[in-house]
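Each chain is listed here by its residues.
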There are 2 protein chains.
Amino acid sequence: MGSCLEKKSTDIRREEIIRAAFEVLGEKGVRGLTIAAIAESAGMSNANIYRHFGGKDDVLSALVQFIAEEIMGKASSIAAGSGTPSAKLERIFFSHMALIGENPGIPRLVFSEEIHLGDRKIADFLAVRLGYYVETISAVIAAGSAEGEFLKELSPRETALTFLGMIQFTALRRVMGGASAEHVTEAERLWANFLRLIR
Amino acid sequence: MGSCLEKKSTDIRREEIIRAAFEVLGEKGVRGLTIAAIAESAGMSNANIYRHFGGKDDVLSALVQFIAEEIMGKASSIAAGSGTPSAKLERIFFSHMALIGENPGIPRLVFSEEIHLGDRKIADFLAVRLGYYVETISAVIAAGSAEGEFLKELSPRETALTFLGMIQFTALRRVMGGASAEHVTEAERLWANFLRLIR
DNA sequence: CCATAATGTGAATTTAAATTCACATTACAT
DNA sequence: ATGTAATGTGAATTTAAATTCACATTATGG
């Protein structure tokens with residue numbers, strides 16, 4: 001028997017597999033992100049994954065690129081768009097927080113040993129992307145400082161790292177089950193406090 | 001053959017095994033923290049681990065307690081000691097940063113799925129401990145605020161979360177290989193900036 | 001139409017890690 | 001002294017996951 005699934009081009013299958021992997025990541029975390037789980041979520045056989053990807057590393061690589069494009073790209077577009085620096089920073093903050101609220105698997109993957117200790121290329125790609133992200137936020141903060149919206153004395157880079165740390169730490173506490181308050185409420189409080197700190 | 005290793009009491013062996021596990025964690029991360037690696041580092045057979053622990057979860061549990069006692073306890077003792085709130089916060093910051101610099105495996109373990117998705121008891125224990133940690137730092141910040149050393153308007157809890165996020169994010173970037181600057185220099189810059197923000 | 005390359009599958013195979021087992025040694029209580 | 005419970009080991013066994021394989025189906029260019 002070899003006929004349960006419609007045949008589709010590898011382009012389409014790759015896309016489906018990545019989306020399925022993304023699903024699994026959200027539901028079962030990095031640890032549950034197995035070939036079998038991805039195949040099940042995509043509604044196909046294990047072996048078929050290997051028709052369209054070289055192996056698990058290859059799937060992981062594509063997943064990471066997908067996340068980087070779909071997600072990290074959003075901050076860049078907000079930063080490049082119109083609005084005051086503080087409005088931009090606020091939008092970046094809440095969109096990132098919302099993302100984490102919906103899919104804590106993303107930061108888990110980004111900061112997992114699966115990535116760092118796995119394929120070097122993937123780790124490097126992510127490190128570079130994260131570097132861009134930090135720079136993007138630094139630039140927004142520097143602009144706010146220059147326009148007098150934020151404190152003149154703050155150093156953009158370190159403030160950006162603090163900003164991202166705040167988001168990251170929330171994500172991690174959330175996954176740990178140690179975040180008692182509502183995720184959204186927590187985000188609002190953190191933002192209000194951060195805004196007070198920087199201006 | 002059953003005679004390569006001196007016999008010792010289980011109390012001593014448990015201690016040795018935990019220290020060995022701690023070593024492995026530092027060198028190979030959570031992923032490399034296998035029974036075989038621990039046994040090798042402790043200079044004993046795999047099977048002997050099972051003489052002194054119920055299984056890997058049991059080892060992990062003891063390791064987490066060890067870390068919580070040895071490490072997280074330090075912040076508490078600094079907080080409880082003498083000095084101004086800002087001096088205390090500074091000491092906590094740099095001791096935590098130094099710790100991470102020497103053993104990035106610690107935050108890796110604390111925030112790993114190995115812990116969160118493994119034995120529920122371990123995850124809960126850690127969540128509770130982390131909660132205490134947040135409270136300890138909140139209290140120092142609140143004291144600083146009250147004494148006029150820090151801004152009156154900042155909310156202690158959210159500022160504490162931001163403080164810890166800054167540390168955590170540094171640790172994660174470091175493990176990713178994306179932290180370009182020297183670890184110590186980075187810590188000093190972050191601290192200088194944070195201090196500017198809160199007062 | 002039809003050859004064939006691409007797509008798809010269930011059933012091995014491989015690999016790595018946790019765990020158990022059967023047996024060897026030794027501390028130590030009596 | 002001695003027997004027995006605790007400690008120690010190498011060699012299975014188990015388990016779970018990635019990967020490969022032999023064979024089935026089907027789209028498609030000619």
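Residues numbered from 1 in each chain as written. Chains lettered and ligands numbered in written order. Predicted model: local features only at pLDDT ≥ 70, side-chain atom pairs only at ≥ 80, totals over all residues.

What about the packing of helix 9 (residues 156–176) of chain A against helix 10 (residues 183–198) of chain A?
All names here are of chain A.
In step 1: Where helix 9 meets helix 10, the closest approach of the two axes is 12 Å, and the angle between their N-to-C directions is 160°. Between helix 9 and helix 10, the angle falls in the class roughly antiparallel. The handedness of the crossing between helix 9 and helix 10 comes out as right-handed. Here Thr159, Phe163, Met166, Thr170 and Arg174 of helix 9 lie close against helix 10, whose contacting residues are His183, Glu186, Leu190, Phe194 and Ile198.
In step 2: A breakdown of the residues in the contact of helix 9 with helix 10 according to their chemical character gives five nonpolar, three polar and two charged. (Axes fitted to C-alpha atoms, helices over the stretch in contact; angles between N-to-C directions. Helix = DSSP H or I, 4+ residues; strand = E, 2+ residues; numbered from the N terminus. Parallel < 35°, antiparallel > 145°, perpendicular 65-115°, else oblique. Left-handed = near helix turned anticlockwise from the far one by under 90°. Contact = placed C-beta atoms within 7 Å. Nonpolar A, V, L, I, M, F, W, Y, C, P; charged D, E, K, R; others polar.)

Observations regarding the interface of chain A and chain B
In step 1: Counting residues at the interface gives 38 residues for chain A, matched by 38 residues for chain B.
In step 2: Residue assignment for the side of chain A that touches chain B shows that the elements contributing at least two residues are helix 7 (113–116), helix 8 (120–146), helix 9 and helix 10 of chain A.
In step 3: Counting residues per element, the side of chain A that touches chain B draws most heavily on helix 9 of chain A, which supplies 13 residues.
In step 4: Tallied by class, residues from the side of chain A that touches chain B come to 19 nonpolar, 11 polar and eight charged.

Brief notes about the nonpolar core
In step 1: One finds A:Ile17, A:Ala21, A:Ile38, B:Ile17, B:Ala21 and B:Ile38 to be the most contacted residues of the largest nonpolar core, which totals 113 residues.
In step 2: In this structure, B:Ile38 is in contact with B:Ile17, B:Ala20, B:Ala21, B:Val24, B:Leu33, B:Ile49 and B:Val59, ignoring residues within four places of it in sequence. (Core = buried A, V, L, I, M, F, W, Y, C linked by C-beta atoms within 7 Å. Buried ≥ 20, exposed ≤ 12 C-beta atoms within 10 Å, placed from the backbone.)

Digging into the packing of helix 5 (residues 85–102) of chain B against helix 10 (residues 183–198) of chain B
Residues and elements named next belong to chain B.
In step 1: For the pair helix 5 and helix 10, the least separation of the axes is 10 Å and the interaxial angle reads 155°. The orientation of helix 5 with respect to helix 10, classified from their angle, is roughly antiparallel. The handedness of the crossing between helix 5 and helix 10 comes out as right-handed. Side by side, helix 5 and helix 10 meet where Glu90, Phe93, Phe94, Met97 and Gly101 of the first sit next to His183, Ala187 and Trp191 of the second.
In step 2: A per-class count over the contact of helix 5 with helix 10 returns five nonpolar, two polar and one charged.

Concerning the domain arrangement of chain A
All names here are of chain A.
In step 1: Taken domain by domain, chain A consists of domain 1 (7–54) and domain 2 (56–198).
In step 2: Just the C-alpha atoms count here: the centres of domain 1 and domain 2 sit 27 Å apart.
In step 3: Between domain 1 and domain 2, the contact holds 14 residues from the first and 12 residues from the second.
In step 4: At the level of secondary structure, the elements contributing two or more residues to the side of domain 1 that touches domain 2 comprise helix 1 (10–28) and helix 2 (35–42).
In step 5: Of the residues in the side of domain 1 that touches domain 2, the class split is 10 nonpolar, three polar and one charged. (Domains from an automatic or database assignment.)

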